[in-house]
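# Descriptive analysis of the structure
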Amino acid sequence: MMVANYGRAHTMPSADDTGIFDYVIVGAGTAGCVLADRISEAGHSVCVLEAGPKDRNPLIHIPAGYIKNIYSKTLTWNFVSEPGPGVEGRSFSLPQGRVLGGSSSINGLNYVRGQAADYDNWAKAGNPGWSYDEVLPYFMRSERRIGNADGRYRGSAGPLPITDLDWHHPISDALVAAAESLGIPRNQDYNGEKQDGVGYFQRTINRGLRVSAARAFLSRAGKRPNVAILTGCQTAAILLEDMRATGVRYFRGGAGGTVETVKARREVILSAGAINTPKLLQLSGIGPADLLRQVGIPVVHDLAGVGNNLRDHYAVRMVSKIRGVKTINNLVQGPALAVQVLRWLIGLPSPLAISPSLVHIFWKSNPSLARPDLEFACAPASFREGVVGLLDKHPGLTLGVWQERPESLGYVHVASRDPFAPPRIQPNYLTHETDRAALLGGMRLARALFRAGPLAPYVEAETAPMPELQTDDELLDFARRNGTTVYHMIGTARMGPADQPGSVVDHRLRLHGIDGLRVVDASIMPSMPSANTNASTLMIAEKAADMILGCDAGSAEAA
């Protein structure tokens, strides 16, 4: 197994060094890896703090390891949501990456940018510089698109390879044909001119291996003498002097480890994700004053939006039992698995080197809509009791569907002064009528796909939901009781003007009211892009790097 070499950067500077860096980045996830690379490339000294371990676990790098990694106790933050009012009081496991590469080391590997209108709406909400035309160059800069692509929209020289599916299955092909038979057009590049349509997902997989942000970006930064990457170091607080961030305090080696500090000459940058970023701000006395007082944290800066505006995708898996052909269920269980391992080892197409979802459908829950509001992520496989990683013994097909731009809003609230205590997380799934209506439309479309001519001969039985569930109330009850998170949490440090209630950072991602402190991760998204969130986070980090270095269109402003 090839593992990226991060050079000398896994150790803190020696006692002869100052322990002061130009930039301190909290979190070596998707955004933190990009920032470390771009900022250090420009000659600045950078310290990256990561609470998790190095990315040496082989299951990180084998794409099929996804089904194990999301349950890992060492590679993820094992967050759990509070019981949700819109989902029959259910709680959900909310794993987030806790390893070099963050969630890009454990995610489902699909690369999805979203729709142009998503980013145009960010700009219209008071965030100049964030329209689609302005962020497109940053999407393009990070990627090395391998395969046919329109150069107006796709990059070819970036560190991150984006590849096409190389393992095809007759059920996948039949599903694509079924969608076309229902009037959904074939789209060869949903990351190009428009998203609408059906086709095969693009992935962050190259030569049979996952390419995380750590492999693509941090491995380059780690070879530079001006970079220190500290693993096993959990940040506990931001150091503040006269309303300016000057560094961070962290625990080396976990709760029983030593308490240390690192200082930043220029900026502290939070890239800890949509759960840990607001938690760290709140632990540092930055957040809703009433919340901080409730848990005994002195209020340094009353900023009401910190931890609010949490959004996540909520999916329903529609499942059928398949006949007449073997699916992934049959191909990776028992003796058949050895054949697939051998194929993977010698570089042949194999289900061990694919993303968990192969076919995409971006379409409308209602024909009257101007643009798609549904994403389908589909695979020729099914899972017992709906648990990813626990495959059925019989062949199956799963169509996962979710509302692309959820309006249900939740929160992340610190639960105590203990930096190792998990926060209270409430996504409030399905509490907004728009989300419920869209999901119902998606479930009915999934049924139409199962019954469409090209796919129907393969469908032996629809197993979830059962066909007798017909009314909106019955289907919505099924969704409440059986749906699940897609692990796409965003929005808890929302970008927006200072006079806009709930805003946490400005359009240059600087925290309102605190100097020397910037947030660069999915928490700054004002609203959910019509996409899996990793590609958007890469773009945010690329754009933030230019802002920090003063080489973007707004460089006339103070960076």
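Just so we're clear, the structure is a prediction, and the values are computed from it rather than from any experiment. (Residues numbered from 1 in each chain as written. Predicted model: local features only at pLDDT ≥ 70, side-chain atom pairs only at ≥ 80, totals over all residues. Heavy atoms only, no water.)

With seven of its nine residues buried, strand β18 (residues 314-322) lies for the most part within the structure. Judged from the two bridges that link them, β18 and strand β25 (residues 484-485) form a sheet pairing that is antiparallel. Pairing of Tyr314 across the sheet is with Thr485, part of β25. Here β18 pairs with strand β21 (residues 396-403) via seven bridges, running antiparallel. (Buried < 20%, exposed > 50% of the residue type's maximum accessible area, 1.4 Å probe, protein only. Helix = DSSP H or I, 4+ residues; strand = E, 2+ residues; numbered from the N terminus. Pairing = 2+ DSSP bridges.)

In this section: the sheet that holds strand β6 (residues 160-164). Pairing within the open sheet is mixed, and its three strands lie in the order β5-β6-β8. With partners counted over all chains shown, the strands left at the sheet margins are β5 (143-145) and β8 (202-203), one partner each.

A few words now on the sheet that holds strand β17 (residues 308-310). Pairing within the open sheet is antiparallel, and its three strands lie in the order β17-β22-β23. If you trace the sheet from one side to the other, it starts and ends with β17 and β23 (424-426), each paired once. Neighbour-to-neighbour, the strand axes of this sheet turn through a mean angle of 35°, independent of strand direction. Pairing of strand β22 (residues 410-413) with β23, which is carried by three bridges, proceeds in the antiparallel orientation. Counterpart to Tyr411 in the pairing with β23 is Gln426. Along the sheet, helix α8 (residues 273-283) makes contact with β22 and β23, crossing β22 at roughly 50°. (Axes fitted to C-alpha atoms, helices over the stretch in contact; angles between N-to-C directions. Contact = heavy atoms within 4.5 Å.)

With that settled, the discussion passes to unusual backbone geometry. A cis amide bond, omega -10°, links Ala464 with the succeeding residue Pro465. The residue Pro465 is located in the loop between β24 (459-464) and α13 (472-482) in this model. Positive phi, normally seen in glycine, also occurs at Asp242, with a value near 50°. With respect to the helices, strands and loops of the structure, Asp242 is situated in the loop between β12 (233-241) and β13 (244-252). Positive phi outside glycine occurs at Met243, with the angle close to 60°. By the element assignment, Met243 lies in the loop between β12 and β13.

What the rule picks out here adds up to 26 salt bridges. The salt bridge partner of Asp290 is Arg293, with a shortest N-O separation of 3.6 Å. In this pair, Asp290 and Arg293 both sit in helix α9 (residues 289-294), three residues apart, roughly one turn of the helix. Classification of Asp290 by relative accessible area gives exposed; the value is 56%. With a closest N to O distance of 3.6 Å, Glu460 and Lys321 form a salt bridge. Separated by 139 residues along the polypeptide, Glu460 in strand β24 and Lys321 in strand β18 bring together distant segments of the chain. Judged by relative accessible area, Glu460 falls into the partly exposed class, the value being 41%. (Salt bridge = Lys/Arg side-chain N within 4 Å of Asp/Glu carboxyl O.)

With that out of the way, let us pick up the packing of aromatic side chains. Throughout the structure, instances matching the rule amount to ten aromatic pairs. Ring geometry for Tyr119 against Phe139: centres 5.6 Å apart, planes inclined by 70°, an arrangement best described as edge-to-face. Taken as a pair, Tyr119 in helix α4 (residues 116-124) and Phe139 in helix α5 (residues 132-142) lie far apart in primary sequence, 20 residues in all. For the pair Tyr119 and Phe139, one class covers both residues: buried. When the centroid spacing of 5.0 Å and the interplanar angle of 35° are considered together, the rings of Tyr314 and Tyr429 count as tilted. With Tyr314 in strand β18 and Tyr429 in the loop between β23 and α12 (433-451), the pair connects residues that are 115 residues apart, well separated along the chain. What makes Tyr314 buried here is its relative accessible area of 6%. A relative accessible area of 4% places Tyr429 in the buried class. Grouping aromatic residues by their ring pairs yields a cluster made of Tyr119, Trp122, Trp130 and Phe139. Stacked on the ring of Trp77, the Lys or Arg Arg98 has its end atom at 5.0 Å from the ring centre. (Phe/Tyr/Trp six-rings, centres within 6.5 Å; stacked < 30°, edge-to-face > 60°. Lys NZ or Arg CZ within 6 Å of the ring centre and 35° of its normal.)

On to the packing of α5 against helix α14 (residues 534-549). Axis separation between α5 and α14 bottoms out at 8 Å; the angle between their running directions is 105°. Relative to α14, the element α5 is oriented roughly perpendicular. Counted together, Val135, Tyr138, Phe139, Arg141 and Ser142 of α5 and Ala535, Ser536, Leu538, Met539, Glu542, Lys543 and Asp546 of α14 form the full contact between these two elements. Partitioned by chemical class, the residues of the contact of α5 with α14 number six nonpolar, two polar and four charged. (Parallel < 35°, antiparallel > 145°, perpendicular 65-115°, else oblique. Nonpolar A, V, L, I, M, F, W, Y, C, P; charged D, E, K, R; others polar.)

Core analysis: the largest hydrophobic core is formed by 80 residues, its most contacted members being Leu35, Leu509, Leu511 and Leu517. Residues within four places of Leu35 in sequence aside, it is in contact with Ile25, Ser40, Ile269, Ser271, Val520, Ala541, Ala544, Ala545 and Ile548. Ranked by size, the runner-up nonpolar core spans 66 residues in total, among them Ile328, Val359, Leu391 and Leu399. (Core = buried A, V, L, I, M, F, W, Y, C linked by side-chain atoms within 4.5 Å.)

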